[in-house]
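A look at the structure
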Amino acid sequence: MQPARRVEVPRGHTLLMKGPASARCVSGRVEVFGYRPPANELIVARPWKTLPIHALEDSVLEVSAGPGSSTEVLDFDAIPQEWRELPLRFRSDFRVAVLGRVDSGKTSLLLLTMNERIGEGPIAVADLDVGQPEVCPPTTFALAEVSSPTYRLSSVKASAVYPFGFTTPSYATGRSLELIRRHLSHLAERGRVLINLDGWIDGPQAVGHKASIVRALRPTDVVAIETEVEGELLEACREVGAEVHHVARPPTVPRRDREERKRAREMGYSSALRDASLRQTVKSWLTYYHVLSDQPVADPERYLLEVVRDLEAKSIDIGLEVPEDFGAEPDLGRAGAGLLSYLLDDGGSVLGLSLLLGFSRERNLVRVLTNHQGPIRYLRMGALVLSQRFEEIHVVDPSSLSYGR
């Protein structure tokens, strides 16, 4: 971080702060997405995130900026008036689903709504954006109960995290809907719920997927940012009685390119696996699943070998010799990689992430990299190969594999 500098922000103006950066208000009053930080509270913008710090009165901010960050004082409120008015239009027992493309401001609008209405009681937040989630690691979705305002959703602790295995539902729409119905269908019966949808909205498959979520979770309101609600999705909204609200995307919401979104995901894996270490446990003590099925996998080594073969078929060279047959032991760990996998409890929720490295037949062991300290009973093997520095290498389509058949 560079040395802190003081920035004056007149009343009604906004300091647009792109991370990595931090700021604290040393005089005056400010707000971030409707959250009013106490004096001297540190407001942190993570890499590839931008925070609008709006001055409610003439204010002075002490700002520290990291590499690649930027700050700009705007002479207007970066949050449009229609956004500020929208949360007041929802009924007291609202269930609001927020819809929009990638980087349209869905999380920002959800935060604004949450902070505006949190004074009336706790709010359930369902984070279904498996590619860029805030409440949980990428490739998972989560449910959280929020009882106090905050300027960043990532500070909220999830009450349950569920594995999906992919960074977009387009890889497995049926499985996505199956898991949402199984784990979140109870939300259709309760009020005070905010639902953050993923950014896959273009094309018939995407529209059908969002329509099915609407039918499953029955929101009272659907907020569409910079997108039309039509066709099957509009029919679904009418079926459940959801009011549709169209709002514009603020011009100050930044667009990230694909590489920036990938790096943000990698930061999410790294955070979820912080301080991970190698664990070896008896292979036969675990029950194994793969991402598309709840039927146990009888031969997890074969699944891992087919993942390695898929890497070879896609000409992705990670310096690992591919075994000729299933008599050999697949070992991603030797190549400094692993298969992103999920340690589960009895109910199927995530206890911790892991990188599945390999097996030892001779010693009847499975090797994983994880920071989970408790016993391991269930391992859901994923579809995403990561380096041991948590960089994305490859996504495997399990439906093309022949394991367990």
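Look up: the structure comes first, before these words.
Now for helix 5 (residues 231-240). Within the span of helix 5, buried status applies to Leu233, Ala236, Cys237 and Val240. Take helix 5 and look down its axis: the buried residues cluster within an arc of 100°, on one side only. Pointing more than 90 degrees away from the buried face of helix 5 are the exposed residues Arg238 and Glu239. In this fold, the buried residues of helix 5 make contact with strand 9 (95-100), helix 4 (204-217), strand 14 (221-225) and strand 15 (243-247). Downstream of helix 5 by a residue or two, glycine 241 has a phi angle that is positive, lying close to 75°.

Applying the stated criterion to the full structure yields six aromatic pairs. Considering the side-chain rings of phenylalanine 90 and phenylalanine 94, the 6.5 Å spacing of their centres and the 45° angle between planes classify their relative orientation as tilted. Taken together, a centroid distance of 5.2 Å and an interplanar angle of 20° make the contact between phenylalanine 166 and tyrosine 171 stacked. Residue classification places phenylalanine 166 among the buried residues on the basis of a relative accessible area of 2%. By relative accessible area, which is 40% here, tyrosine 171 ends up partly exposed. Three or more aromatic residues joined by ring pairs make a cluster, and in this case those are Phe164, Phe166 and Tyr171.

Glancing now at the layout of surface pockets. Space inside the largest pocket adds up to approximately 860 Å³. As for the largest pocket, its lining consists of 33 residues, and the residues nearest its centre are Val135, Cys136, Pro137, Ser271 and Ala272. Looking at the lining of the largest pocket, the elements with two or more residues in it are strand 12 (158-163), helix 6 (258-272) and strand 19 (350-360). At seven residues, the largest contribution of residues to the lining of the largest pocket is made by helix 6.

Further remarks concern the pattern of salt bridges. For the structure on display, the rule yields 31 salt bridges. Here glutamate 120 and arginine 192 are joined by a salt bridge, their closest N and O atoms 3.3 Å apart. In this pair, glutamate 120 is assigned in the loop between helix 2 (106-117) and strand 10 (123-127) and arginine 192 in the loop between helix 3 (173-184) and strand 13 (193-196), connecting sequence segments 72 residues apart. For the salt bridge of aspartate 331 with arginine 334, the shortest nitrogen-to-oxygen distance reads 3.4 Å. In this structure arginine 334 comes out as exposed when scored by relative accessible area, which is 63%. The network of salt bridges with common partners includes Arg175, Glu178, Arg182, Asp294 and Arg380.

Let's shift gears to empty space enclosed by the protein. Counted by the stated rule, this structure contains two cavities of 30 Å³ or more. There is about 570 Å³ of room inside the largest cavity. If you trace the largest cavity, you find 33 residues lining it, with Lys49, Thr50, Gly105, Thr107 and Ser108 closest to the centre. Mapped onto the lining of the largest cavity, the elements with two or more residues apiece are strand 5 (43-45), strand 6 (50-55) and helix 2.

If you look at the biggest cluster of nonpolar residues, it comprises 62 residues, and the most contacted ones within it are Met17, Ile53, Leu109 and Met114. Looking at this core, the element that brings in the most residues is helix 2, giving five residues. Other than its neighbours up to four places away in sequence, isoleucine 53 contacts His13, Thr14, Leu15, Met17, Ala23, Val30, Glu31, Val32, Ile43 and Leu61. In terms of nonpolar packing, the next biggest core, distinct from the first, is built from 37 residues, Ala172, Leu184, Ile213 and Ala242 among them.

Quick look at the environment of leucine 128 now. By the element assignment, leucine 128 lies in the loop between strand 10 and strand 11 (140-146). Leucine 128 gets classed as buried once you look at its relative accessible area, which sits at 5%. Along the primary structure leucine 128 and threonine 140 are separated by 12 residues, whereas in three dimensions their C-alpha atoms are 7.9 Å apart. Contacts of leucine 128, omitting those with residues within four sequence positions, involve Phe141, Ile180, Leu184, Ile195, Asn196, Leu197, Asp198, Ile213 and Leu217.

Analysis parameters
- Residues numbered from 1 in each chain as written.
- Predicted model: local features only at pLDDT ≥ 70, side-chain atom pairs only at ≥ 80, totals over all residues.
- Heavy atoms only, no water.
- Buried < 20%, exposed > 50% of the residue type's maximum accessible area, 1.4 Å probe, protein only.
- Helix = DSSP H or I, 4+ residues; strand = E, 2+ residues; numbered from the N terminus.
- Arc of directions from axis to C-beta.
- Contact = heavy atoms within 4.5 Å.
- Phe/Tyr/Trp six-rings, centres within 6.5 Å; stacked < 30°, edge-to-face > 60°.
- 1 Å grid on protein atoms, 1.4 Å probe; cavity = no way out; pocket = protein on both sides within 12 Å on 5 of 7 lines; lining within 4 Å.
- Points joined across faces, edges and corners; volume = space filled by probe spheres on them.
- Salt bridge = Lys/Arg side-chain N within 4 Å of Asp/Glu carboxyl O.
- Core = buried A, V, L, I, M, F, W, Y, C linked by side-chain atoms within 4.5 Å.

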